[in-house]
Amino acid sequence: MAPPREKIFEKVALKQRLDVMRKSRSLAVLREELQKTESLCEQLDDILKDIMTRTGEQSVASLRADSWYRTNVLEQLKTLENRGQFLRTEIHDANTELAKARRKESRAHEAAKDHKRKRLEKAEQKRESELPLRNKRGVIR
């Protein structure tokens, strides 16, 4: 005998729930990475401001070192900004996928409930049809 369709849909819903949990975890990782990237960008901005605000007499070696540091910091800052932009895009896509997975899960739950309701209604109708018919006086025919 084949399992009731509601059981199949319940299993599909459980599978979708696992997918939702997996996508939620990956989204959390992406958000954490974006937070780290933004923190590093702020730190590099502070370093760059520190390099740019140095005034007064400086030696040639100091000027070259500042220039070299500034170039490297700007390069790293640009790389981190690109990474941040990429992570934002990935987070947006992950949110979309998570919403789709949640919708699939809810549809599977709804289908399972509908099939269960139909099965129970069918069983109730069968029980009612098997009961002996009674007329208005309570006499069994």
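The structure reproduced in this document is the subject of the present report. Residue positions within a chain follow its written sequence, with the count starting from 1. Per-residue local features of the predicted model are confined to residues with pLDDT of at least 70, and side-chain atom pairs are confined, for both listing and counting, to 80 or more; whole-chain, interface and lining totals are unaffected and use all residues. Think of the side-chain values as coming from all heavy atoms in the structure, minus any hydrogens and water.

Describing the overall build of the protein chain
This is how it is decided: Runs of H or I in DSSP of at least four residues are treated as helices and runs of E of at least two as strands, each being numbered from the N terminus. We call two residues contacting when some pair of their heavy atoms lies within 4.5 Å. The protein chains shown are the only cover counted for residues, whose accessible areas, like all others here, come from Shrake-Rupley with a 1.4 Å probe. This count recognises Lys and Arg as positive and Asp and Glu as negative, with His and chain-terminal groups excluded. Taken as the charge location is NZ of Lys, CZ of Arg, CG of Asp or CD of Glu.
In terms of regular secondary structure, the protein chain is built from two helices and zero strands. Dimensions along the principal axes, computed over C-alpha positions, put the protein chain at roughly 115 × 30 × 15 Å. In the protein chain, of all internal contacts separated by at least 6 residues, the share reaching a separation of at least 24 is 81%. Carbon and sulfur atoms provide 54% of the accessible area of the protein chain, an area that totals close to 11,500 Å². Measuring between centres, the 34 positive side-chain charges of the protein chain sit 14 Å from its 24 negative side-chain charges.

Here's the deal with the nonpolar core
The following threshold applies: Only buried Ala, Val, Leu, Ile, Met, Phe, Trp, Tyr and Cys residues count toward a nonpolar core, and they belong to the same one when joined by side-chain atoms within 4.5 Å. Burial classes: relative accessible area under 20% of the type maximum marks a residue as buried, over 50% as exposed, and values in between as partly exposed (1.4 Å probe, protein chains only).
Ranked by size, the top nonpolar core spans nine residues in total: V20, L27, L30, L34, L87, I91, A94, L98 and A101. When contributions to this core are tallied by element, the ones reaching two or more residues are α1 (5-52) and α2 (60-130). Looking at this core element by element, the count peaks at five residues for α2. Ignoring sequence-local partners within four residues, the contact set of A94 consists of L27 and L30. Among the nonpolar cores identified, the runner-up in size contains seven residues, and L44, I51, V73 and L77 belong to it.

Comments concerning the pattern of salt bridges
In plain terms, the rule: Salt bridge criterion: a side-chain nitrogen from Lys or Arg within 4 Å of a carboxyl oxygen from Asp or Glu.
Going through the model one piece at a time under the given rule, you end up with 14 salt bridges. The residue R17 makes a salt bridge to E105 at a minimum N-O spacing of 3.7 Å. Of this pair, R17 sits in helix α1 while E105 is found in helix α2, placing the two residues 88 residues apart along the sequence. R17 gets classed as partly exposed once you look at its relative accessible area, which sits at 39%. Owing to a relative accessible area of 11%, E105 belongs among the buried residues under this scheme.

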